[in-house]
Structure formats: C-alpha cells, structure tokens
Amino acid sequence: MTWNQGGGGSGGGPWGGGKSPWGGGGRGPRPPNLEEIFRRGQDRMRRLLPGGWGSGAGILFVVLAVIVIWGLSGFYRVEPNEEGVVLRFGAFNRVTTPGLRYHLPAPIEYALTPKVTDINLIDIGFRANPGATTVRGRAQGANEVPEESLMLTGDENIVDINFTVFWRIKNAEEYLFRIRNPALTVKAAAESAMREVIGSTEIARAFAEGRAKIETDTQALAQHILDSYQAGILITLVQLQKVDPPGPVLDAFRDVQSAKIDLNTAVNEAQAYANDVVPRARGDAARIVQQAEAYRQQVVLQSQGDAARFLSVYQSYKAAEDVTARRLYIETMEDILKGANKIILDKAAAGSGVVPYLPLPGLHTPPGGAPPGTSSGAAPPAAGRRSQQ
C-alpha cells in the first residue's frame, strides 16, 4: 500500500508510528482497506466475466445493468393526499391515483404529485401572528396591511376589513399548467371579489347582519373569477376576521352609531305609541259611526211607522167621519184627563144638603183609611149623588 512508502522501519500509514487516527496505536480498530475491497470486487467480476470488462459479455452485462437501473427509476409513490400527474416529454399525459405507480423513466416521462386535499389559507388585509394556533387567533396581534384592508362601501364610507380565504386544488392539470402563481392568483381574485361586494353593501349592514352574506357572496364571486381563469382551484370558505371603521375615525364613528341607536329608539317608541293610540281612535270612530247609523235607522223606522199609522187613521176617518172623529175625541180626552186632578161640581145639589163636589182622585182610598180631605159622613151621599147623576 502507498502508506508504507518512506515509512522507515516503523511503517504504519500517513500518521506515522503505526498509529491510526482513532487512537490507541496499532492495538485499536483499523479503518477498512478501500484498495483491498476494490481489488476483491474486481476479482469477483473477473469470475463472472471470464473475458474481463472489455469482452462482449462484460459490455452486455454493463448495458443490461444500466437498463435495469434506468427502468426501475420509473417507480414513484403517490400519497393519500396527493394526485399524480404524469408528463410525457413535458406535456400532460394522465392522472394517477394514490399508491405505488410507474411511468416511463426520465427523460421520457416524469411525475408531479400536488397535494390536492390539503386546505391552504391566505390572509388578506393582515399578516397572521406566527404563534397563533387557531384561525381566529391569526388576526390577534397580526400586522395590518392598509392597502389591502381599507375598502369603500356602497354608501361611500371607508371600512377596515381583514379576512381569510380557504382553498384547495380542484383540478391538478389546470392547477399546474393554467396559472403561474396559484397563491397570488387566489389572493388577487378574493381581494377583487371582496371589494366588489363591499362596494354594493352599506356600512351598517357590514357591521351587523350583513357579514354572512358578504362571506357567501365573496366566495361565489371569487370562485367565478378562478373558474374563468381555469385555475383548477376550489374556494371552500371565506371568513371575515375583522370589520371595523378605520382607526383614526373610530371614536367619531362610535358617536354616530350611538346617535343612530338613540334615533331608532325614539322612532320605535313613537311607533309603539302610535300603534296604541291609532287603533283605539279608530275603534271609537267606528263605534260612533255605528251608533249614528243605528239612531238613523231608528228614527227612519219610527217616522215610517208614524206615517203608516196616520195613513191608516186617515183611511178610517174617510170611511166613517163622524164615528172616527168621536172616537179620536174620546181617545184624546182620555189621554189628556188620565193624569189630571179631576173634581166634579154639581150645582143642583147645592140646596139639598149634599156635598156639592166630588173629588174623583180621592175616591182611590188607600187600604184601611178614608180618602184624604173628606169626612166619613159626607162621602157616601156624594157618591150616591154621583150615582144619581
């Protein structure tokens, strides 16, 4: 070996003194002898190839070995979250499913394995906190990007919006060959869609009940843009992280919102009062109208009855004028004298010792007593006189 050249009597390699670099002098473990290993390999090859490397058998063996190794290089593995895309001379050829697969060795074919089931996240309006463990926590303590987050609403107000886009690969062929930078494309499409949706939304709705609609509309519009690019990307979710007024006008905006709340409270109270008063007033009006209608019907019907009775009496009078006139006279006098205080005076009884008058109301003697204003002896002759008359 070359290490024994010029080594003197001691010999022993380049470190001298028969020592090895592992210490312990000549008593420790020695390194493998590479020349010996190479020589033994050559001996084995000579036994396999009697004619040596330069013979035809040697050349054939080398060629076959190279072909086998080249052929075996076509095996590749597709993981469960991946999809294999095989290219033949740089052009798309086929798609393969997860598992151990084979393609023609390079440079004829080679395979790409994009992760088609992994969900990717893109933050717009902020740069996420590196230490965040949740999606909501990404926006806490994050770095703001005003050129992305400040947007103009439909009522010409500025709003500060941070949101996250979740996406995955939908079509591996389109994803690999239709777009150059997928993440940047998704970011640009989502930001453009969000600006368009916010541009048609009032600021009050963006702060309150309109958040869910903003998310769904942005997702649908961004997906439409990516589909028009044939990007092979599916937007799975758009999640708003923050919707606030710009920082410099936050206090003023809160004052305006407080005033609007007070206004709405006053309007609601007035509306409640109106809802209480107006129905009662309408009920009173309806009652008065119904009472007037009833009185009108009563008067009309009574007038019609009086007119009918008058016509009936008139017809009877025309049929028998004397009898009818006398009957009407008697009925009229009966109505007039019914409640009058009546006294009958008899001038012929003045000199006969009989009481000359007859108090007719006094004749209605209460039970157990004489008529008031008359004596017990005078009443019977008066009654008898009356009966004579």
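Calculation rules
Residues numbered from 1 in each chain as written. Predicted model: local features only at pLDDT ≥ 70, side-chain atom pairs only at ≥ 80, totals over all residues. Heavy atoms only, no water. Patch = residues over 30% accessible without salt bridge, like charges linked within 9 Å, V, L, I, M, F, W, Y side chains within 5 Å. Areas by Shrake-Rupley, 256 points an atom, 1.4 Å probe, with all protein chains shown as cover. Salt bridge = Lys/Arg side-chain N within 4 Å of Asp/Glu carboxyl O. Helix = DSSP H or I, 4+ residues; strand = E, 2+ residues; numbered from the N terminus. Buried < 20%, exposed > 50% of the residue type's maximum accessible area, 1.4 Å probe, protein only. Pairing = 2+ DSSP bridges. Contact = heavy atoms within 4.5 Å. Polar contact = N/O pair within 3.5 Å; in protein donor to acceptor, adjacent residues only side chain to side chain.

A.B. asks: Give me the lowdown on a nonpolar patch on the surface, citing residues and values where you can.
C.D. replies: The grouping of Val68, Leu72, Phe75, Leu100, Tyr102 and Leu104 at the surface amounts to a nonpolar patch, some 580 Å² of accessible area in total. Put simply, the parts of the chain that give the nonpolar patch at least two residues each are α2 (56–72) and β4 (99–102). With respect to the helices and strands, Tyr102 occurs in strand β4.

A.B. asks: Give a description of the pairing of strand β10 (residues 158–169) that names residues and reports values.
C.D. replies: Most of β10 sits inside the fold, with ten of its twelve residues counted as buried. In this sheet, β10 lies alongside strand β6 (residues 120–124) in antiparallel orientation, the contact comprising five bridges. Within β10, the residue paired with Asp123 across the bridge is Thr164. One ladder, built from three bridges, connects strand β9 (residues 150–152) with β10; its direction is antiparallel. Opposite Leu150, over in β10, you have Asp160 as the bridge partner. Linking β9 to β10, which pair antiparallel, is a turn of five residues; within it Glu156 sits at a positive phi near 60°.

A.B. asks: I'd like to hear about the side chain of Glu191, residue by residue, with values.
C.D. replies: Considering the arrangement of structural elements, one finds Glu191 in helix α5 (residues 182–199). Beyond its immediate stretch of four places on either side in the chain, Glu191 contacts Ile124, Glu147, Glu148 and Phe163.

A.B. asks: Please set out the side chain of Glu109 residue by residue, giving values where relevant.
C.D. replies: In this structure, Glu109 sits in strand β5 (residues 109–112). For Glu109, the side chain forms a polar contact with the side chain of Arg94, separated by 3.4 Å. Setting aside chain neighbours within four positions, we find Glu109 in contact with Val86, Leu87, Arg88, Asn93, Arg94, His103 and Leu104.

A.B. asks: Now, about the pattern of salt bridges: what can you tell me, with residues and values included?
C.D. replies: Scanning all chains against the criterion turns up 17 salt bridges. Here the residues in one salt-bridge network are Arg127, Glu148, Lys187, Glu191 and Arg195, joined through shared partners.

A.B. asks: Mind laying out the pairing of strand β3 (residues 91–96), listing which residues take part and the relevant values?
C.D. replies: Successive residues of a regular strand alternate their side chains across the two faces of the sheet. Where strand β2 (residues 84–88) meets β3, five bridges bridge the pair, whose relative direction is antiparallel. Following the sheet pairing, Gly84 is matched in β3 by Thr96. Following β2, the chain reverses through two residues before pairing antiparallel with β3; Phe89 in that reversal takes a positive phi of roughly 50°.

A.B. asks: Describe the environment of Glu82, and please don't skip the residues or the numbers.
C.D. replies: Residue position: Glu82 is located in the loop between β1 (75–78) and β2. With 17 residues separating them along the chain, Glu82 and Gly99 place their C-alpha atoms 9.6 Å apart. Sequence-distant contacts of Glu82, defined by excluding residues within four places in its chain, comprise Arg77, Pro98, Thr113, Pro114, Lys115 and Val116. At a separation of 3.1 Å, a polar atom in the side chain of Glu82 contacts the side chain of Lys115.

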